[in-house]
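The primary structure of each chain is shown beneath.
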Amino acid sequence: MTRLIPLSFSFRADDLSNGCAGIPDFPLQRKTNRGKVRTGRYRTMSTDVTNAEAKSDSEVDPNIPEGVLASMQAFWRDLPEMLTHRRWRDRLVCYHRNERIGIAKTSWELLEKCEERNLTDDEWFIGRIWPEGLPPWIIEEIEGGGHEIDYDPEEIPDESTGETR
Amino acid sequence: MTPILRRVPFSTKADETVVQGERISIRPYQIIVWISLTNSNTKELHPATPRFPVILDTGHNHNLSIHESQLTRWTNDDFPSPSRRTAIRDRGLSVALRLAKIWLYSNQAGYRDRLVDRTPIALEIPEGIAIYPSESEFPRLPILGLRVLVKNRLHLSINPDRCDITLRRTGWRTRLLDWL
């Protein structure tokens with residue numbers, strides 16, 4: 001059985017200055033069945049393009065309440081550290097300003113914790129422990145997809161016979 | 001591990017399906033899956049929650065895009081909670097984000113619109129869903145994007161011989177396929 005062992009990681013200063021804390025790849029050692037040790041990198045989403053986009057298009061969402069924004073910033077600050085815990089990867093995490101309320105698999109577990117503390121909707125943020133490329137307070141430009149083609153390619157008439165294919 | 005979606009066929013010809021008595025046309029090569037939408041704090045899905053088809057489109061780079069009118073027609077819940085990031089932008093249009101939970105239905109193998117009698121899978125999307133305003137004609141049908149699949153660790157495979165797709169959770173089978 002192959003085992004993946006996280007070793008260490010480091011940030012480059014320019015990653016942090018990009019405003020989106022370039023999430024590093026995780027150097028790994030891979031122990032093969034034959035006892036050889038191979039080094040590799042834990043596959044994460046590349047942040048290169050999104051870093052560039054963040055620089056050119058960093059439109060801050062003006063409608064985010066102040067409490068949510070503070071919680072987002074705390075999440076973004078802690079994300080690189082949280083990503084080093086393999087057990088937490090992909091989990092959801094909730095912040096109330098600088099305080100980490102909890103980490104869970106489902107959002108309702110975290111929402112219950114917010115309710116227990118009587119937090120209003122504009123005081124918390126739930127994010128995913130995931131190598132995001134863009135800070136959550138930036139308005140993202142998306143590509144909607146769904147470019148529909150109306151004709152049926154099977155119904156194009158054959159010019160020689162006039163029959164459909 | 002049983003796939004979530006098992007050999008869901010897609011047609012190479014124009015087709016249609018019915019949602020709550022409404023006929024919906026499906027274009028060739030569109031992958032259709034069935035979902036329900038609820039508020040994000042829903043723990044268990046009520047069996048009477050309406051379900052509706054969405055286009056599975058890996059070219060769509062958000063979670064789920066749905067038109068305001070579709071949300072009114074095909075869901076029971078209100079979605080009052082704005083998502084934390086309150087809006088996105090698509091072709092210059094500001095599109096509101098709302099917190100919601102997607103419930104993805106499993107199908108009977110080989111059938112697109114026959115769903116199995118099993119609790120659907122809850123897909124967590126803390127970023128929210130995109131709700132297109134009434135002044136937009138997009139989308140004709142709701143669109144499920146690549147982000148929701150990736151962030152929920154789902155493996156999509158397309159079989160061009162049978163013209164169908166399979167969707168699995170990460171498990172030994174997907175790891176094995178990855179090694180081959």
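Here, every reference points to the structure presented above.
Residues numbered from 1 in each chain as written. Chains lettered and ligands numbered in written order. Predicted model: local features only at pLDDT ≥ 70, side-chain atom pairs only at ≥ 80, totals over all residues. Heavy atoms only, no water.

**Side note on the overall build of chain A**
Per the secondary structure count, chain A includes 4 helices and 7 strands. Put simply, chain A runs from its N terminus to its C terminus through helices and strands in the order β-α-β-β-α-α-β-β-α-β-β. If you take every contact in chain A between residues at least 6 apart in sequence, the share linking residues at least 24 apart comes to 57%. Total accessible area on chain A stands at roughly 9900 Å², and carbon and sulfur atoms take up 47% of it. (Helix = DSSP H or I, 4+ residues; strand = E, 2+ residues; numbered from the N terminus. Contact = heavy atoms within 4.5 Å. Areas by Shrake-Rupley, 256 points an atom, 1.4 Å probe, with all protein chains shown as cover.)

**As for the packing of aromatic side chains**
Two aromatic rings, taken as a pair, are described by how far apart their centres are and by the angle between their planes. For the coordinates displayed, the defined rule picks out 6 aromatic pairs over all chains. Considering the side-chain rings of A:Phe75 and A:Tyr95, the 6.4 Å spacing of their centres and the 70° angle between planes classify their relative orientation as edge-to-face. Placement of A:Phe75 in helix H3 (residues 66-83) and of A:Tyr95 in strand S4 (residues 92-96) is noted, with a sequence separation of 20 residues between them. Neither A:Phe75 nor A:Tyr95 differs from the other in exposure class; each is buried. Geometrically, the ring pair formed by B:Phe10 and B:Tyr29 is tilted, given 6.4 Å between the ring centres and 45° between the ring planes. (Phe/Tyr/Trp six-rings, centres within 6.5 Å; stacked < 30°, edge-to-face > 60°. Buried < 20%, exposed > 50% of the residue type's maximum accessible area, 1.4 Å probe, protein only.)

**What to know about the interface of chain A and chain B**
Listed as interface residues are 48 residues of chain A and, on the opposing side, 44 residues of chain B. For the pair chain A and chain B, the summed buried area comes to about 3600 Å², and 45% of that belongs to carbon and sulfur atoms. Our count for the chain A to chain B interface comes out at 4 salt bridges. Here chain A is connected to chain B by 11 residue pairs in polar contact (both at pLDDT 80 or more). Broken down by secondary-structure element, the contributors of at least two residues to the side of chain A that touches chain B are H3, helix H4 (107-116), strand S6 (124-128) and strand S7 (140-142) of chain A. The class makeup of the residues in the side of chain A that touches chain B is 19 nonpolar, 9 polar and 20 charged. (Buried area = accessible area lost by both parts, 1.4 Å probe. Salt bridge = Lys/Arg side-chain N within 4 Å of Asp/Glu carboxyl O. Polar contact = N/O pair within 3.5 Å; in protein donor to acceptor, adjacent residues only side chain to side chain. Nonpolar A, V, L, I, M, F, W, Y, C, P; charged D, E, K, R; others polar.)

**Thoughts on the sheet that holds S4(A)**
Residues and elements named next belong to chain A. Read from one edge of the open sheet, 3 strands run S5-S4-S6, paired in antiparallel fashion. Looking at strand neighbours, the two that pair on one side only are strand S5 (99-104) and S6, the edges of this open sheet. Put simply, the sheet's adjacent strands are angled 20° from each other on average, direction ignored. Pairing between S4 and S5: 5 bridges, direction antiparallel. Residue pairing in the sheet places Val-93 in a bridge with Ile-103 of S5. (Pairing = 2+ DSSP bridges. Axes fitted to C-alpha atoms, helices over the stretch in contact; angles between N-to-C directions.)

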